Protein chains: 2
Amino acid sequence: MANNKKMVEAITSRDEDFAKWYTDIVKKAELVDYSGVKGCTIYRPYGFAIWENMKADLDRRFKETGHENVYMPMFIPESLLQKEKDHVEGFAPECAWVTVGGQEKLTERLCVRPTSETLFCEHYKKIINTYRDLPKLYNQWCSVVRWEKTTRPFLRTSEFLWQEGHTMHETAEEAKEETLKMLHVYEAFYRETLAIPAVIGRKTEKEKFAGAEETYTIEPMMHNGVALQGGTSHYFGDGFAKSFDITYTGRDNKQHYPHQTSWGVSTRMIGALIMVHSDDDGLVLPPKISPIQVAIIPVAQHKEGVLDKAYELKTELSKNFRVKLDDSDHAPGWKFAEYEMKGVPVRVEIGPKDIEKGQCVVVRRDTREKAFVPLENLSQFITDLMQDIHNSMYERALKNTQDKTFVARSYDEFIDTAKNHPGFIKAMWCGETECEEKLKDVTGGVKSRCIPFEEEKLADTCVCCGKPAKHMVFWGRQY
Amino acid sequence: MANNKKMVEAITSRDEDFAKWYTDIVKKAELVDYSGVKGCTIYRPYGFAIWENMKADLDRRFKETGHENVYMPMFIPESLLQKEKDHVEGFAPECAWVTVGGQEKLTERLCVRPTSETLFCEHYKKIINTYRDLPKLYNQWCSVVRWEKTTRPFLRTSEFLWQEGHTMHETAEEAKEETLKMLHVYEAFYRETLAIPAVIGRKTEKEKFAGAEETYTIEPMMHNGVALQGGTSHYFGDGFAKSFDITYTGRDNKQHYPHQTSWGVSTRMIGALIMVHSDDDGLVLPPKISPIQVAIIPVAQHKEGVLDKAYELKTELSKNFRVKLDDSDHAPGWKFAEYEMKGVPVRVEIGPKDIEKGQCVVVRRDTREKAFVPLENLSQFITDLMQDIHNSMYERALKNTQDKTFVARSYDEFIDTAKNHPGFIKAMWCGETECEEKLKDVTGGVKSRCIPFEEEKLADTCVCCGKPAKHMVFWGRQY
């Protein structure tokens, strides 16, 4: 039990120091390790398995909506990156540049992709000729690099893993529809798979992506009331198409520019998983994404029949779940703490007395509720329990979001809420960037999150300048 | 039919110009496109789907043998790369270097990983403490960069996709066993999934990997008799462990160096698929790897009932196969040529007369054999056919390899065979690098492929110098 105690002591309390609690979990649950290059992390087996599960689920959703995977080179020549003015201004400052290849100085610098719009456009120019070639619905899974000064595992790293969808369409309407469709795919993934509720909506002019006409965002709230930009979907109009001279012969036999989208989510979602669901004993993972769904812990495993029965349960449960049976020589208490730390949704304990009674002990990670379950019902019980755990986790996260969503109808109310109540603030806005900047400055970091699809009319005037309001905006601090 | 003719004409004959035939297929089957950066290719949906299928199959084999996936950073600081002397000498000349990040010149250059031994070692140093931490059986899927002067799609590119396994073990025996185990995993994958036979064995001192004690290789022969190094598995002993000061407390409570392996295969395998199996009408893909396994082509699709029946077949066959029904307005002949070009193993044709007779036409891609199959037997027929196609493809490739494997017992015989008979040459060797170099020079490129596990005694003396022979070696030209 010494080990057990030591491990539990080592985690900072979430209420005491949220940032330290976060990095403690990242380290103790063995999700990542730091590398010798600042801001570049090593994804350890358990952390990477979470990403693999996310990837498999999202990839299925992308393929079901007609998308195909491709792979673009990791290097972008400087001249290619410069083809779209806003885009290069947005990304050039944080690029990593390859200047030497095979012992020779390159005649042109190559940027390690921070995002791949330019590469896709160059390719699309070659393969799009007529309306018959449209739509192109491509996605790629890769790593990208953005040179960050301040880094934090999963949330802000110089290299990260993500997917980037890049699509081309005949009409603006079709491209806009795609932009929103993929935002809703993300929202469904967060809700159905990660058990995370989120506000979705449109970014303001100031906050949109470099080169986009419109950016949509999904904004889950972390346990401490801070928002995370959890994924974005961009509508580009025909701006890139014009810069790259991509045209197609339309149904009217005339030349047209196609309309474009891009959309992406990243390993940052692992950060969201931690900060939305986890607690002082470690990770709490939603069943659908957890690398281990059921941990079987034999009690008094040296006694006759215990390990046999445990293996029997493993065989049975493995038909429906990802199961780990820990028969190592650690004490059961150490194992309990270990799989709690790793956020395994369900623990099954089986000892000599349980076997006598034809039952086992089932403990859920999220609420610690314990049940004695007849062995013959175990598989069905756990199937139902997994659904229940998912729903409870979602509901708790939703309640936290609702509890920490405030309304501000005046400037003073806004400042007061921003100072004293971490969370979202719903408030009216005139539409001017100046007001966004002022609110950010005076609050020390509260920014517009998004304009939701269904706005409430909270007041007639902008909370900042008092001029007529155009939109209701969700505001908040962000990671 | 005009389209059809045009497409078929556009492929160079394999016997006429093998290299041009190869690049024609790569382009016409829409596997890759070239990017603006020399030697970096774009994997188009069909080419990338082949890689995804390879990856899924191999990943299952790796996990079944106890390996876990991780992800290491793409950058290696120059000082880290230099820690193992042989290794840096092998790779530094072909590295791409990042020298500027976020608009500032870096204090230390970062190499874009050409392979990740050094990164794994740096991590292993932190996480390996006692024998209880061993073995570590890690793998990663990623892209790597080696600055190549002459490039060819899949075979030699500046950036390519691969997997690299990196494992650490208590003993030399265990590490050697792992090295061979993974070589055999590759051999099984080539045989069972790619339908490609191969010679396997150990590389000579001259040909082994930079920093390895022993390198094992899998060497399939292409249709034209040229070999491809299709995958390698390395035993490092404790060389890297010593350079990186990785030690563990053993069962004897003393400090020991762990023993290491690494092993990898890459997108080069797509090149092998093309060059082993394909023909003058395009790709011929083995059923297990083909993105589309069955192409359903409706004939006279405007006639009543044809498309309905075609969709019915699609629903039925999709239960067991990856199916594409092409109901576009191209002529059936164009579609036949299109799916032949893409190497789809089985084509199903269904027209009004077939429907009347309750049958369809089934054509296999590899032999063009045609069968009329009662609709009620279709699924079972195709299941059997797929196995048959796989076996036939393997047998044909095996026969080609056997037909093009020669024996040389004297120097003159070696030179004559090298000049006149493309393929493998089995010949005795004294063990000296000098003889390997001489044979390579005089033949204009014939190199040792490997020393097989079961050597034949063809003669007593080295085919080159006449001194006593130590080994029988497979020799051949390579891609």
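So, how was this worked out
- Residues numbered from 1 in each chain as written.
- Chains lettered and ligands numbered in written order.
- Predicted model: local features only at pLDDT ≥ 70, side-chain atom pairs only at ≥ 80, totals over all residues.
- Heavy atoms only, no water.
- Helix = DSSP H or I, 4+ residues; strand = E, 2+ residues; numbered from the N terminus.
- Rg over C-alpha atoms; globule rule 2.2 N^0.38 Å.
- Buried < 20%, exposed > 50% of the residue type's maximum accessible area, 1.4 Å probe, protein only.
- Contact = heavy atoms within 4.5 Å.
- Lys, Arg positive; Asp, Glu negative; His and termini not counted.
- Charge placed at Lys NZ, Arg CZ, Asp CG, Glu CD.
- Salt bridge = Lys/Arg side-chain N within 4 Å of Asp/Glu carboxyl O.
- Polar contact = N/O pair within 3.5 Å; in protein donor to acceptor, adjacent residues only side chain to side chain.
- Nonpolar A, V, L, I, M, F, W, Y, C, P; charged D, E, K, R; others polar.
- Pairing = 2+ DSSP bridges.
- Axes fitted to C-alpha atoms, helices over the stretch in contact; angles between N-to-C directions.
- Phe/Tyr/Trp six-rings, centres within 6.5 Å; stacked < 30°, edge-to-face > 60°.
- Lys NZ or Arg CZ within 6 Å of the ring centre and 35° of its normal.
- Least-squares fit on C-alpha atoms with pLDDT ≥ 70 in both.
- Core = buried A, V, L, I, M, F, W, Y, C linked by side-chain atoms within 4.5 Å.
- pLDDT = per-residue confidence, 0-100.
- Parallel < 35°, antiparallel > 145°, perpendicular 65-115°, else oblique.
- Left-handed = near helix turned anticlockwise from the far one by under 90°.

**Some remarks on the overall build of chain A**
Move 1: A count of helical and extended segments in chain A gives 15 helices and 23 strands.
Move 2: Relative to the globule expectation of 23 Å for 479 residues, the C-alpha radius of gyration of chain A, 25 Å, shows essentially globular dimensions.
Move 3: Along the first, second and third principal axes, the C-alpha atoms of chain A reach 80 × 60 × 45 Å.
Move 4: Here chain A holds 479 residues, and the buried ones make up 60% of them.
Move 5: Taking as baseline every contact in chain A between residues at least 6 positions apart, the subset at least 24 positions apart corresponds to 69%.
Move 6: With 66 positive and 74 negative side-chain charges, chain A shows a spacing of 2 Å between the two charge centroids.

**Description of the interface of chain A and chain B**
Move 1: Taken together, the contact between chain A and chain B spans 54 residues of the former and 54 residues of the latter.
Move 2: Put simply, chain A and chain B have 6 salt bridges between them.
Move 3: A salt bridge links Lys126(B) to Asp33(A), with the shortest nitrogen-to-oxygen separation between them at 3.2 Å.
Move 4: Along the contact surface separating chain A from chain B lie 25 residue pairs in polar contact (both at pLDDT 80 or more).
Move 5: Across the side of chain A that touches chain B, the residue classes tally to 29 nonpolar, 10 polar and 15 charged.

**Side note on the sheet that holds strand E15 (residues 294-298) of chain A**
Residue and element names in this part refer to chain A.
Move 1: In spatial order, the strands read E16-E15-E17-E18-E19; together these 5 strands make up an open sheet with mixed pairing. One side of each edge strand has no neighbouring strand; the edge strands of this open sheet are strand E16 (323-325) and strand E19 (370-374). Looking at each pair of strands side by side, their axes are set apart by 25 degrees on average, direction ignored.
Move 2: As defined by bridge partners, strand E17 (residues 346-350) adjoins strand E18 (residues 359-364) across 4 bridges and the pair is classed as antiparallel. The residue bridging Val 346 from the neighbouring strand is Arg 364, located in E18.
Move 3: Sheet strands in contact with helix H13 (residues 378-403) are E15, E17, E18 and E19, and its direction is about 10 degrees off that of E18.

**Brief notes about the packing of aromatic side chains**
Residue and element names in this part refer to chain A.
Move 1: Under the criterion given, the structure shown has 40 aromatic pairs over all chains.
Move 2: Ring centres 5.5 Å apart and planes at 55 degrees place the aromatic pair Phe 91 and Phe 209 in the tilted group. Of the two residues, Phe 91 sits in helix H5 (residues 85-91) while Phe 209 sits in the loop between strand E9 (199-202) and strand E10 (214-219), which places them 118 residues apart along the sequence. Exposure class is identical for Phe 91 and Phe 209. Each is buried.
Move 3: Taken together, the ring pairs in this structure connect Trp 51, Phe 62, Trp 141, Tyr 186 and Trp 263 into an aromatic cluster.
Move 4: In this arrangement the basic side chain of Arg 14 is found over the ring face of Trp 21, its NZ or CZ atom lying 5.8 Å from the centre.
Move 5: For the cation-ring pair, Arg 347 lies above Phe 336, with the distance from its terminal atom to the ring centre recorded as 4.0 Å.

**Notes on the sheet that holds strand E16 (residues 323-325) of chain B**
All names here are of chain B.
Move 1: Strand order across the open sheet formed by 5 strands is E16-E15-E17-E18-E19, with mixed pairing between neighbours. Each edge of the open sheet is held by one strand with a lone partner, namely E16 and strand E19 (370-374). When strand polarity is set aside, the average angle formed by the axes of neighbouring strands in this sheet is 25 degrees.
Move 2: Where helix H10 (residues 306-317) meets the sheet, its contacts fall on strand E15 (294-298), E16 and strand E17 (346-350), and the angle it forms with E15 comes to roughly 170 degrees.
Move 3: Packed on one face of the sheet, helix H13 (residues 378-403) meets E15, E17, strand E18 (359-364) and E19 and runs near 10 degrees to E18.

**Section: the relation of the copies chain A and chain B**
Move 1: Between chain A and chain B, the superposition needs a rotation of 180 degrees and an axial shift of 0.0 Å, giving an RMSD of 0.0 Å. Accordingly, the operation relating the two chain copies is best matched by a two-fold axis. Looking at the rotation axis and the C-alpha trace of chain A, the residue lying nearest is Val98(A), at 2.1 Å.
Move 2: An overlap of 98% is found between the interface residues of chain A and their copies at the interface of chain B, pointing to a shared contact surface.

**Remarks on the nonpolar core**
Move 1: Of all hydrophobic cores here, the largest spans 143 residues; its most connected members are Met54(A), Phe75(A), Met54(B) and Phe75(B).
Move 2: Beyond its immediate stretch of four places on either side in the chain, Phe75(A) contacts Val98(A), Leu110(A), Cys111(A), Val112(A), Leu119(A), Val37(B), Cys40(B), Ala96(B), Val112(B), Val145(B) and Trp147(B).

**A few points about the confidence of the model for chain A**
All names here are of chain A.
Move 1: Averaged over chain A, the pLDDT score is 96; the fraction of residues at 70 or greater is 98%.
Move 2: Low pLDDT (under 50) marks residues 1-8, which in the prediction has 13 contacts with non-local residues, meaning those over four places away or in another chain.
Move 3: With pTM at 0.96, the complex prediction returns an ipTM value of 0.95.

**Notes on the packing of helix H14 (residues 411-420) of chain B against helix H15 (residues 433-443) of chain B**
Residue and element names in this part refer to chain B.
Move 1: Here H14 crosses H15 at 45 degrees, and the two axes come no closer than 10 Å. On the basis of their axis angle, the class for H14 and H15 is oblique. Regarding H14 and H15, the two cross each other, and that crossing is right-handed. In contact with Tyr 411, Phe 414, Ile 415 and Ala 418 of H14, H15 contributes Lys 438, Leu 439, Val 442 and Thr 443.
Move 2: Its residues placed into classes, the contact of H14 with H15 shows 6 nonpolar, 1 polar and 1 charged.

**Some words on the pairing of E9(A)**
Residues and elements named next belong to chain A.
Move 1: Two elements, E9 and E10, share 4 bridges in a ladder whose sense is antiparallel. When the bridges of E10 are listed, Val 199 appears paired with Glu 219.
Move 2: Of the strand pairs in this sheet, E9 and strand E22 (residues 447-452) are connected by 2 bridges, and their pairing is antiparallel. Looking at the pairing, Arg 202 lines up with Ile 451 of E22.

**Regarding the side chain of Asn400(B)**
Residues and elements named next belong to chain B.
Move 1: For Asn 400, the position within the fold is in helix H13.
Move 2: Here the side chain of Asn 400 touches Lys 404 through a polar contact of 2.8 Å, side chain to side chain.
Move 3: Apart from residues no more than four positions distant in its own chain, Asn 400 is found in contact with Met 221, Met 222 and His 223.

**Considerations on the packing of helix H3 (residues 45-64) of chain A against helix H9 (residues 268-277) of chain A**
Residue and element names in this part refer to chain A.
Move 1: Taken N-terminus to C-terminus, the directions of H3 and H9 make an angle of 110 degrees; their axes are 10 Å apart at the nearest point. In terms of orientation, H3 lies roughly perpendicular with respect to H9. When H3 is examined against H9, the residues Gly 47, Ile 50, Trp 51, Met 54 and Leu 58 are found in contact with a partner set consisting of Met 269, Ile 270 and Leu 273.
Move 2: Taken together, the residues that form the contact of H3 with H9 break down as 7 nonpolar, 1 polar and no charged.

**Considerations on the environment of Gly230(A)**
Residue and element names in this part refer to chain A.
Move 1: Tracing the sequence through the fold places Gly 230 in the loop between E10 and strand E11 (231-237).
Move 2: According to the relative accessible area criterion, Gly 230 is buried, its value standing at 3%.
Move 3: Gly 230 sits 32 residues away from Ala 198 along the chain, and the two C-alpha atoms are 8.7 Å apart.

**Points about the pattern of salt bridges**
Move 1: By the definition in use, this model includes 80 salt bridges over all chains.
Move 2: As a salt-bridge pair, Arg368(A) and Asp279(A) come within 3.8 Å of each other at their nearest N and O atoms. Of the two residues, Arg368(A) sits in the loop between E18 and E19 while Asp279(A) sits in the loop between H9 and E15, which places them 89 residues apart along the sequence.
Move 3: Looking at Arg368(A), the relative accessible area reads 32%, which means it is partly exposed.
Move 4: Between Lys335(B) and Asp326(B) there is a salt bridge; the shortest N-O distance is 3.9 Å. For the pair formed by Lys335(B) and Asp326(B), the shared burial category is buried.
Move 5: Ionic contacts of the salt-bridge type, sharing partners, join the residues Asp57(A), Arg60(A), Arg61(A), Glu64(A), Glu187(A), Arg191(A) and Glu192(A) into one network.

**Regarding the side chain of Arg14(B)**
Residue and element names in this part refer to chain B.
Move 1: Of note, Arg 14 is situated in the loop between helix H1 (2-9) and helix H2 (18-28).
Move 2: For the buried Arg 14, no salt bridge is present, and the opposite-charge side chain at shortest range is Asp 15, 4.5 Å distant.
Move 3: A distance of 3.3 Å separates the side chain of Arg 14 from the side chain of His 223, its partner in a polar contact.
Move 4: The contact partners of Arg 14, leaving out residues within four places of it in the chain, are Trp 21, His 223, Ser 278, Asp 279 and Asp 280.

**A few points about H2(B)**
All names here are of chain B.
Move 1: If you check which residues of H2 are buried, you get Phe 18, Trp 21, Tyr 22, Asp 24, Ile 25 and Val 26.
Move 2: Here the buried face of H2 lies against strand E1 (32-34) and helix H9 (268-277).
Move 3: Count one or two residues on from H2 and you reach Glu 30, which has phi positive near 55 degrees.

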